[in-house]
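Below, each chain spelled out in residue letters.
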Amino acid sequence: MTDYAISRNPTTGEEIARYPMLTADEREKSLSRSADAFSQWRHSTMATRVAVLRQLGEQIRLREAQLSRTITLEMGKPIAQARAEVLKCANLCDWYAEHGPAMLADQPTQVADAWQRFRPLGVILAVMPWNFPLWQVLRGAVSMLLAGNTYLLKHAPNVMGSATLMAELFDATDLPAGGFNLINVDNDGVSAAIKDDRIAAVAVTGSVRAGAAIAAQAGAALKKTVLELGGSDPFIVLADADLDEAVKSAVIGRFQNTGQVCMAAKRFIVEAPVAEAFEKRFTAAVQALTMGDPLDENTFLGPMARTDLRDELHQQVEATLREGARLVLGGEKVAGQGNYYAPTILSDVTPNMTAFQQELFGPVAAIAVARDPQHALAIANDSEFGLSATVWTANEEIADRLASELEVGAVFINGNGASDPRVTIGGVKKSGYGRELSHFGVHEFCNVQTVWKNRR
């Protein structure tokens with residue numbers, strides 16, 4: 001077993017800190033702590049839970065600078081984007097504090113003396129990724145805690161500093177000790193936790209391989225899972241689209257967070273009459289992006305989070321070029337210090353190529369040409385993933401038809417993809433199942449209990 005989780009600065013390669021892995025005895029104590037907290041928290045009033053969320057939002061804002069800097073140092077997110085992530089989490093707490101209680105109130109049914117009640121499940125084990133160290137955790141934890149569950153976090157090893165800060169934020173609220181708990185374990189430790197009777201359910205955001213492995217173990221233990229996994233999201237541009245706006249959206253959608261976003265535009269499917277114009281404008285816009293020190297406020301592209309991830313991305317680019325794609329821009333590791341990869345555009349990509357069949361988790365865009373809207377739809381759906389999609393067109397009827405036929409969990413028409421607590425997110429196919437955010441996310445980890453009085 002590895003003794004430490006190591007946090008390393010992807011800009012310099014320097015080690016930031018080591019976080020000891022829990023021993024079996026320590027893991028047992030941690031699970032007991034979470035279970036003890038649940039026995040108390042499950043009986044708390046809604047007013048108490050709302051107060052904790054408001055306290056959490058306040059703590060996030062008070063420590064915004066420290067949280068943002070820690071994210072940037074640990075995984076390379078440009079500081080302005082890290083700050084936006086932190087403040088988004090604070091707003092999330094406020095939103096659920098205001099709107100969450102109504103979602104969890106008893107709901108009437110079509111039977112006069114029957115209603116639905118939302119009861120907590122217990123301790124929820126969450127296995128979370130590094131690319132949004134705060135948001136990925138809190139977008140699930142906030143709603144789970146509001147429902148009366150407790151939250152046991154197994155975070156990615158390279159962002160344990162962010163995880164530790166989150167635990168400190170919760171410690172500064174009135175949440176019972178162990179209500180938000182951090183468990184630093186390896187894969188065997190995760191497996192042991194899943195088998196433990198004190199774990200009620202599991203939430204995973206990560207790779208397809210990790211999600212499938214954890215879901216199999218949870219299934220064997222008859223425990224519910226919610227999975228938000230990989231994506232290779234299509235970005236369709238039809239001939240009548242506003243190209244200037246589509247290009248702006250494409251740049252943000254592909255290169256935000258240095259392209260390390262599950263629900264990001266990755267496959268650009270452009271209708272033939274505007275394919276050349278789109279490629280030209282898109283290339284010029286990408287060339288104008290500023291790459292550099294992620295602590296610089298003017299930097300848009302930082303380093304990739306880990307060296308192995310950059311190596312894997314480069315192998316995917318080289319494979320796609322060997323398969324016949326055309327290199328428009330980039331396609332190389334940036335020489336020197338740090339895990340930088342040149343912003344890259346591949347064109348003349350076809351559905352059988354690596355860049356379309358695999359997820360590109362980094363600053364690489366793949367462009368394919370479609371004959372017409374129906375052909376664009378066929379290319380878009382030719383993927384094992386189904387997280388989200390974007391459609392740019394001036395024809396509302398065509399946009400609505402494409403949206404209804406795209407095999408994804410979310411469709412964005414003439415706008416940027418986003419996650420927002422007011423609407424649900426989640427995928428289909430190998431992008432996972434279950435939903436986060438909105439009332440759907442709240443109810444995922446509830447026992448939806450029927451109460452029926454005076455049944456004759």
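All values derive from a computational prediction rather than experimental measurement.

**So, the overall build of the protein chain**
Then step 1. Tallying secondary structure elements over the protein chain gives 15 helices and 18 strands in all.
Then step 2. Its C-alpha atoms give the protein chain a radius of gyration of 22 Å, within 12% of the compact-globule value 23 Å for 456 residues.
Then step 3. Here the C-alpha coordinates of the protein chain stretch approximately 65 × 60 × 40 Å along the principal axes.
Then step 4. Contacts in the protein chain between residues at least 24 apart in sequence constitute 71% of all its contacts with a sequence separation of at least 6.

**Considering the sheet that holds strand E4 (residues 114-120)**
Then step 1. Across the sheet, 3 strands lie side by side as E3-E4-E18; this open sheet has antiparallel pairing. Where the open sheet ends on each side, the last strands, each with one partner, are strand E3 (107-108) and strand E18 (446-452).
Then step 2. Looking at chain direction, E3 and E4 are connected through 2 bridges and run antiparallel. Note that in E4 the partner of Pro-108 across the bridge is Trp-115.

**Looking at the packing of helix H4 (residues 79-103) against helix H5 (residues 135-146)**
Then step 1. Where H4 meets H5, the closest approach of the two axes is 10 Å, and the angle between their N-to-C directions is 20°. Considering their axes alone, H4 and H5 lie roughly parallel with respect to each other. The hand of the H4/H5 crossing is right-handed. Each of Glu-85, Lys-88, Cys-89, Leu-92, Cys-93, Tyr-96, Gly-100 and Pro-101 in H4 lies in contact with H5, whose residues at this interface are Trp-135, Leu-138, Arg-139, Val-142, Ser-143 and Leu-146.
Then step 2. A class-by-class count of the residues in the contact of H4 with H5 yields 9 nonpolar, 2 polar and 3 charged.

**Quick notes on helix H8 (residues 208-220)**
Then step 1. Its 13 residues give H8 an end-to-end C-alpha distance of 18 Å, which sits within 8% of 18 Å, the value for a rise of 1.5 Å per residue.
Then step 2. When we look at burial in H8, the residues that qualify are Gly-211, Ile-214, Ala-215 and Ala-218. The arc enclosing the buried residues of H8, seen along the axis, measures out at 105°, which places them on a common side. Looking at H8, the residues exposed on the side facing more than 90 degrees away from the buried face are Arg-209 and Ala-220.
Then step 3. Contacts made by the buried residues of H8 are with strand E5 (123-127), helix H7 (187-195), strand E8 (199-205), strand E9 (224-228) and strand E17 (432-433).
Then step 4. Leu-222 occupies a position one or two residues after H8 and carries a positive phi of about 55°.

**Topic: the pattern of salt bridges**
Then step 1. Applying the stated criterion across every chain, the model contains 22 salt bridges.
Then step 2. Note that Glu-64 is salt-bridged to Arg-83, the shortest N-O span being 3.4 Å. A residue pair is termed long-range when its members are at least 10 positions apart, and Glu-64 in helix H3 (residues 64-75) and Arg-83 in helix H4 qualify at 19 residues.
Then step 3. Salt bridges sharing common partners tie together Glu-28, Asp-196 and Arg-198.

**Some remarks on helix H13 (residues 373-381)**
Then step 1. Counting buried positions along H13 yields 7 of 9 residues, so the element is predominantly enclosed.
Then step 2. When H13 is considered as a whole, its buried residues turn out to be Pro-373, His-375, Ala-376, Leu-377, Ile-379, Ala-380 and Asn-381.
Then step 3. Packing partners of the buried residues in H13 comprise strand E10 (233-237), strand E11 (265-271), helix H12 (354-357), strand E14 (364-370) and helix H14 (396-405).
Then step 4. For H13, the side-chain oxygen to backbone nitrogen distance between the N-cap and Gln-374 is 3.2 Å, and the N-cap itself is Asp-372.

**As for the packing of aromatic side chains**
Then step 1. Counted according to the given criterion, the structure contains 9 aromatic pairs.
Then step 2. With a centroid separation of 5.8 Å and 85° between ring planes, the pair formed by Trp-130 and Phe-361 is classed as edge-to-face. Note that Trp-130 is positioned in the loop between E5 and H5 and Phe-361 in the loop between H12 and E14, a separation of 231 residues in sequence.
Then step 3. Here Trp-130 falls in the buried class, since its relative accessible area comes to 9%.
Then step 4. Over the ring of Tyr-4 we find Arg-18; its NZ or CZ atom is 5.5 Å from the centre of that ring.

What counts, and at which threshold
Residues numbered from 1 in each chain as written. Predicted model: local features only at pLDDT ≥ 70, side-chain atom pairs only at ≥ 80, totals over all residues. Heavy atoms only, no water. Helix = DSSP H or I, 4+ residues; strand = E, 2+ residues; numbered from the N terminus. Rg over C-alpha atoms; globule rule 2.2 N^0.38 Å. Contact = heavy atoms within 4.5 Å. Pairing = 2+ DSSP bridges. Axes fitted to C-alpha atoms, helices over the stretch in contact; angles between N-to-C directions. Parallel < 35°, antiparallel > 145°, perpendicular 65-115°, else oblique. Left-handed = near helix turned anticlockwise from the far one by under 90°. Nonpolar A, V, L, I, M, F, W, Y, C, P; charged D, E, K, R; others polar. Expected span 1.5 Å × (residues − 1). Buried < 20%, exposed > 50% of the residue type's maximum accessible area, 1.4 Å probe, protein only. Arc of directions from axis to C-beta. Salt bridge = Lys/Arg side-chain N within 4 Å of Asp/Glu carboxyl O. Polar contact = N/O pair within 3.5 Å; in protein donor to acceptor, adjacent residues only side chain to side chain. Phe/Tyr/Trp six-rings, centres within 6.5 Å; stacked < 30°, edge-to-face > 60°. Lys NZ or Arg CZ within 6 Å of the ring centre and 35° of its normal.

Function cannot be read off these values alone, since they describe shape.
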